[in-house]
Amino acid sequence: MAERVRFVDQEVERVISTHSRDQWHRREMELGKWAKLTKQRRRDKQTVWLGNAELDAELLPAYMYFKRAGIQTEYSCAGVSPLDEPEDHSLYAYITFISSEQAKSFVEFAMERMRHRLLVTYEPSRNRYDLSSFFIGHNRRFCTLMNHYAKEFCINTIR
């Protein structure tokens, strides 16, 4: 499918992952259903401190591997609690990387393995990649896969 371009705060954000028209349609339908649901808290958001940054506990293993691989993260949200800022941050789990050769390598590695489960955008003006779960409600799976592939990437690239 052709590359999608979205304008965000006067900046161009390019979708670089590949998804079919049916997958985009499914995503839009899930969003509509999610918007109508009553959001019930299952548990509080789990966070840990790494240095002087507070991070989502579900993504801590991935952070450790990204750090070892020299990949700098900027923002993230595991988004696994439905009421953790439900309008803005619970729809999709995500991680933002500052662009670098190592980050680009991981992005390509992750897209190859996670395929349709992963939405990847690139913002040239901010020089960063955003990786997120493509479908609503797949946040825990995104975290599990991100932890797994961060470990695999780190093992394969740092010897």
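Everything discussed here concerns the structure shown above.
Residues numbered from 1 in each chain as written. Predicted model: local features only at pLDDT ≥ 70, side-chain atom pairs only at ≥ 80, totals over all residues. Heavy atoms only, no water.

Chemist: Tell me what's going on with unusual backbone geometry, and back it up with residues and numbers.
Modeler: Its identity is not glycine, yet arginine 115 carries a phi of approximately 45°, on the positive side. One can find arginine 115 in the loop between helix H3 (101-114) and strand S7 (118-123). Of note in this structure, asparagine 127 is not a glycine but carries a positive phi near 55°. Tracing the backbone through its elements, the reader meets asparagine 127 in the loop between S7 and strand S8 (128-133). (Helix = DSSP H or I, 4+ residues; strand = E, 2+ residues; numbered from the N terminus.)

Chemist: Go over the packing of aromatic side chains with me, naming the residues and quoting the values.
Modeler: A complete count under the given rule lists 10 aromatic pairs for this structure. Arranged with centres 5.0 Å apart and planes meeting at 75°, the rings of tryptophan 24 and phenylalanine 134 form a pair that is edge-to-face. Of this pair, tryptophan 24 sits in helix H1 (residues 21-36) while phenylalanine 134 sits in the loop between S8 and helix H4 (139-157), placing them 110 residues apart in sequence. The class for phenylalanine 134 is buried, based on a relative accessible area of 0%. When the centroid spacing of 5.3 Å and the interplanar angle of 85° are considered together, the rings of phenylalanine 106 and phenylalanine 153 count as edge-to-face. Here the residue phenylalanine 106 occupies a position in helix H3, and phenylalanine 153 occupies one in helix H4, the gap between them amounting to 47 residues. Accessibility expressed as a relative area gives 3% for phenylalanine 153, which makes it buried. Here a set of aromatic residues connected by ring pairs shows up, and it is made of Phe66, Phe97, Phe106, Phe109, Tyr149 and Phe153. One Lys or Arg, arginine 26, reaches over the ring of phenylalanine 135 and ends 3.9 Å from the middle of that ring. (Phe/Tyr/Trp six-rings, centres within 6.5 Å; stacked < 30°, edge-to-face > 60°. Buried < 20%, exposed > 50% of the residue type's maximum accessible area, 1.4 Å probe, protein only. Lys NZ or Arg CZ within 6 Å of the ring centre and 35° of its normal.)

Chemist: Could you give an account of the environment of leucine 145, with specific residues and numbers?
Modeler: Along the chain, leucine 145 turns up in helix H4. For leucine 145, a relative accessible area of 7% gives the class buried. Leucine 145 sits 32 residues away from arginine 113 along the chain, and the two C-alpha atoms are 9.3 Å apart.

Chemist: Any chance you could break down H4 for me, citing the residues and the numbers?
Modeler: Its 19 residues place the ends of H4 26 Å apart at the C-alpha level, agreeing with the 27 Å of an ideal helix rising 1.5 Å per residue. Of the residues making up H4, those classed as buried are Asn139, Phe142, Cys143, Leu145, Met146, Asn147, Tyr149, Ala150, Phe153 and Cys154. (Expected span 1.5 Å × (residues − 1).)

Chemist: An account of the pairing of S7 is needed here, citing residue identities and associated values.
Modeler: Among the 6 residues that make up S7, 6 are buried, leaving the element largely enclosed by the rest of the structure. Side chains Leu118, Val120 and Tyr122 of S7 all project onto a buried face; the interleaved residues Leu119, Thr121 and Glu123 project onto the opposite face, where all are buried too. Pairing geometry for S7 and S8, over 6 bridges, is antiparallel. The residue bridging leucine 118 from the neighbouring strand is serine 133, located in S8. Where S7 hands over to S8, the hairpin turn is made up of 4 residues, of which asparagine 127 adopts a positive phi near 55°. (Pairing = 2+ DSSP bridges.)

Chemist: Report on the nonpolar core, specifying residues and quantitative values.
Modeler: Grouped together as the largest cluster of nonpolar side chains are 29 residues, with contacts concentrated most on Phe66, Phe97, Phe106, Leu131 and Met146. Of all the secondary-structure elements, those providing two or more residues to this core are helix H2 (60-68), strand S6 (94-98), H3, S7, S8 and H4. Looking at this core, the element that brings in the most residues is H4, giving 7 residues. (Core = buried A, V, L, I, M, F, W, Y, C linked by side-chain atoms within 4.5 Å.)

Chemist: Tell me about the pattern of salt bridges, and name the residues and values.
Modeler: Side chains that carry opposite charge are capable of pairing whenever their charged atoms lie near each other. Evaluation of the coordinates by the stated rule reveals 8 salt bridges. Of the charged contacts, one joins arginine 128 and glutamate 74 as a salt bridge, the two residues approaching to 3.4 Å between their closest N and O atoms. Placement of arginine 128 in strand S8 and of glutamate 74 in strand S5 (residues 73-77) is noted, with a sequence separation of 54 residues between them. By relative accessible area, glutamate 74 is classed as partly exposed at 36%. Residue glutamate 152 pairs with arginine 113 through a salt bridge whose shortest N-O separation is 3.3 Å. Pair noted here: glutamate 152 is in helix H4 and arginine 113 is in helix H3, with a separation of 39 residues, a long-range link. Among the residues examined, glutamate 152 registers a relative accessible area of 25% and is labelled partly exposed. Bridged by salt links that share partners, the residues Glu74, Glu123, Arg126, Arg128 and Asp130 form one connected network. (Salt bridge = Lys/Arg side-chain N within 4 Å of Asp/Glu carboxyl O.)

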